[in-house]
Structures are given as C-alpha cells and as structure tokens.
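Architecture at a glance
Take a look at the letters that make up each chain.
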Amino acid sequence: MWGGRFSAKPAELMQAINVSIGFDKRLAAQDLAGSRAHAAMLAKVGVISGPDEAAIQDGLSLIEAEIANGTFPFREEFEDIHLNIEARLKELIGAVAGRLHTARSRNDQVAVDFRLWVREACDRSIAQLEKLQRALLAKAEANADTLMPGFTHLQPAQPVTFGHHLMAYVEMFGRDASRFADARTRMNQSPLGAAALAGSPFPIDRHMTAKTLGFDAPTANSLDSVSARDFALEALSAATIASMHLSRLAEEIVLWVTPQFGFITLSDAFTTGSSIMPQKKNPDAAELVRAKIGRVMGAYTGLMMVMKGLPLTYSKDMQEDKEQVFAGFDALELSLAAMAGMVEDLTPNAERMAAAAGSGFSTATDLADWLVRETGLPFREAHHITGSAVKRAEELGVGLADLPLAELQKLDPKITKSVYDVLTPQASAASRKSYGGTAPDQVRAQIRRWKEKLT
C-alpha cells in the first residue's frame, strides 16, 4: 500500500512483528461500518461520484457476506483488517476502490473502528450485568427472610438475611453498569475525518459520519482524535472493578459450598470432580471467575504501560492496544455469564445458615442497644456490660439467649426478662428497619426498587 516510497519488501521478522490481522480481524464489522459512512459522506459532499460510491457500497456488501460465510481471504501480506478489506475491495470492484481512502488515514480509521468496538463491549457488559442483577434479585426475593450470619473479618458479627447479602451485590453491579454507561458517554465522539493527525483539506462533513455511526458528535481536536486511547482504558477500568466484584462473590461461593460452611449447594452443572478423590465436588466455575480478574486487570495495566510514554500523535506501539482490550472483555463477559448461571443454580441451606446466624454471640449488639433503650445507659457503658455478658456466657458454655437472667442482673440489676425478646437471630434481623437495613421488609423494598429500575 506504500510501494511508491519503498523498493523492497519487509524482512520476515519485520512482517512477523508488524502483522496484526490475526487479532484485529475482530474489527471487521466496525471497519465496514466506518467505510460505508465515509463513502456516503464523500459522495454527498462531491468528493467522489455517485456511481463510484454505489460501486464501493456494493463491494463492501460483498465483503460483509464473505466474512459472514467464512470465505473472506484474510491475508497476512496485507498486515491488518483495514488493508485486507481495502485490497479485497480492489479485487472486487477495481481501481475505484482506491477512492474510498480519500480524506482518511489508517490512523483515524482504526481509531473509529476501535471506539465502535469498545462502545459495543460496554453495551454488552451493561446487558450482562443487568442479567446478573435479575438473577440475584430473584434469589434474594426468595430468601428475604432466610437468616445467615453477617461477617466482619470473616467472623460472625450480626445476623442478616441471605436476601440482604445478595442485594449488596445487586448494588455493586449496578454501580458497575453505571461506570460502563459513563465511559460510553465520554467515548461517544467520532474521530473519523481527523485523517493522519491534522485533519483533511477536502470539504468533508464529520458531523454526518458521526451521526451515521451513532456518535453524539465528532471529536474536536484532530491530534487527540488519533492518539487517544483513554476511552479503552476507562472501559477496562470499569471492567476491572466489575471483575473485582465478581471475584468477591466467587470467593464467597467457594467458601459457602465447603462442608465447613455448608451454606449453599451447586449442581453438577457448575462443579467438577477429582481424578483421584471420588468424593470431591469442586466449585471450579467460581474459582475460575475468581481468577479471571487477573486477565482483566492485566489488560488494563498492559494498555496503560503502552500508552504512558507516547508523544502525540500515533505510534506503532498503539497496535498493542487491541489484544489487551479483546482479552479483557472476553474474560469479563465469560465471567459475567458464568456468575449469572451460578446464582440461578445455587440452593441455599436455610437450616445451616440459620444455625450459624446465632453463633459467635452475634446478638451482642442487640443486648447493648436494649440496655441503651430500656435503661438509659450511655452506649459505651452498655457496650462494656455486654462484653462482660459475652465473657460470662463463654465461661458457662452457652449463648447469650441462654444466659440466665440472674447472671445478667449481676451485671446490671435493671435488666429484665424482656431482654430475651431481642437476643434471637430472628429478632435481631427483624429489628434492623432503618433504610437499607436487613429487616425483611426493607430487603423487599429494595428488591422492588431494583425491579423497577431494571424494567
């Protein structure tokens, strides 16, 4: 494509390091869309003729069909998807194909293709996050009253409900979806028409191509247009945070299915066996989701390292942007699908969770709160008395709900038998009626709110 300046072919090693068609062929649909929009605009402003545009559009349609049918001849000699399509277009329609590249460079061509791809990846991620949220909502609604221990430091802290616990992830994934939406808004400007770096002397209409491709507007600076990859970095940042949330939920699933916890079971669909231990049922899907964040975060870090020292505008280093983004979103999308499947699949062990909800003196804070409400003690003093009650219960080998009233009254004579009304896990969870609390009515209210948001 640049034979006028060069008299010899690249060395084999140069060809090997330079070629990108093996991975950037994933941009074929976006490249065709950008070329169609560019050809239509060139014809409208009179840079190319109507018949030439028609021939170009017909040729692009033939190429689209070949790609769809698996017959398109992807060739390494043409280096990347852009040159492959241009070369094939010339084979199909002749010299008129060369008019398509008027007022366009591969720099703005790849920039628009890549924005289109990342924009679509953001849309796919939002849709998958919402599917996962719906799976969590359904499971939370069925378990709004199901008791389980709430943890701090992985130690039993206070009783909560399983529905409330799952709704925490609905909130997290909701923020993830909003991050993708925010990133999409910022990236939704078209670099097409910036040409190599300085713009074009032809009377092009960048607003027309931007509108055709679904962008809000064209980018406002030609140098920034071809050199920016922050849109991909921002999308990968959102993907990394979402993957971290997936990894946290995956870790909890791994814990919950152990015999030591026994909070949930997963079916054979999301577990595997052992080659030597016939009793094993391993949560491999959750473990792999937990690990995938390494790929996503690695993609973000890798692209940041590519971009951090580049002067304006385009450098060949930026060819290394696409593999990272493709790999990151592939890992995220697979993880989102797997997690939605696991959430739908899991079955809670309500009895086991309810028993665990009362362990570790988890209603101690309820005792302290009762002392504040019923006896007027300052919370810090009530906290001290409750700590003493826990210590005495430990000595006697009983829970707080089984500690004799006489023992409690030794600590504070104002304590009455009504204290036992707040010392069960059920009473504790039901009492947390503040907005966003674990009381079942509050959980159901949040489920209703999210159902409305996701309709």
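Up top you'll find the structure we're talking about.
Description of the structure in this document. (Residues numbered from 1 in each chain as written. Predicted model: local features only at pLDDT ≥ 70, side-chain atom pairs only at ≥ 80, totals over all residues. Heavy atoms only, no water.)

Concerning the pattern of salt bridges
Evaluated as defined, the whole model comprises 27 salt bridges. The salt bridge involving R36 is made with E64; its shortest N-O contact spans 2.9 Å. In this pair, R36 is assigned in helix α3 (residues 28-44) and E64 in helix α4 (residues 50-69), connecting sequence segments 28 residues apart. Residue R36 is classed as partly exposed on the basis of its relative accessible area of 23%. E64 sits in the partly exposed class, given a relative accessible area of 40%. Taking the shortest distance from any N to any O, the salt bridge between R186 and E234 comes out at 2.5 Å. Taken together, the residues R186 in helix α7 (residues 162-187) and E234 in helix α10 (residues 230-256) connect sequence positions 48 residues apart. For R186, a relative accessible area of 51% translates into the label exposed. Among the residues examined, E234 registers a relative accessible area of 27% and is labelled partly exposed. (Salt bridge = Lys/Arg side-chain N within 4 Å of Asp/Glu carboxyl O. Helix = DSSP H or I, 4+ residues; strand = E, 2+ residues; numbered from the N terminus. Buried < 20%, exposed > 50% of the residue type's maximum accessible area, 1.4 Å probe, protein only.)

Looking at helix α13 (residues 350-357)
Those residues of α13 that sit buried are M353, A356 and A357. Burial along α13 is one-sided: seen end-on, the buried residues are contained in an arc of 105 degrees. Exposed residues pointing more than 90 degrees away from the buried face of α13 are listed as E351 and A355. Each element contacted by the buried residues of α13 is listed here: β1 (147-152), β2 (155-161), α7, β6 (347-348) and α17 (425-431). (Arc of directions from axis to C-beta. Contact = heavy atoms within 4.5 Å.)

Re the nonpolar core
Counting 92 residues, the largest nonpolar core has V118, F180, F329 and M339 as its most contacted members. Considering every element that reaches this core, the biggest residue donor is α10, with 14 residues. In this structure, F180 is in contact with C122, S125, I126, L129, A235, A238, A239, A242, F329 and L332, ignoring residues within four places of it in sequence. One finds A364, L371, L377 and L408 within the second-largest nonpolar core, a separate group that totals 18 residues. (Core = buried A, V, L, I, M, F, W, Y, C linked by side-chain atoms within 4.5 Å.)

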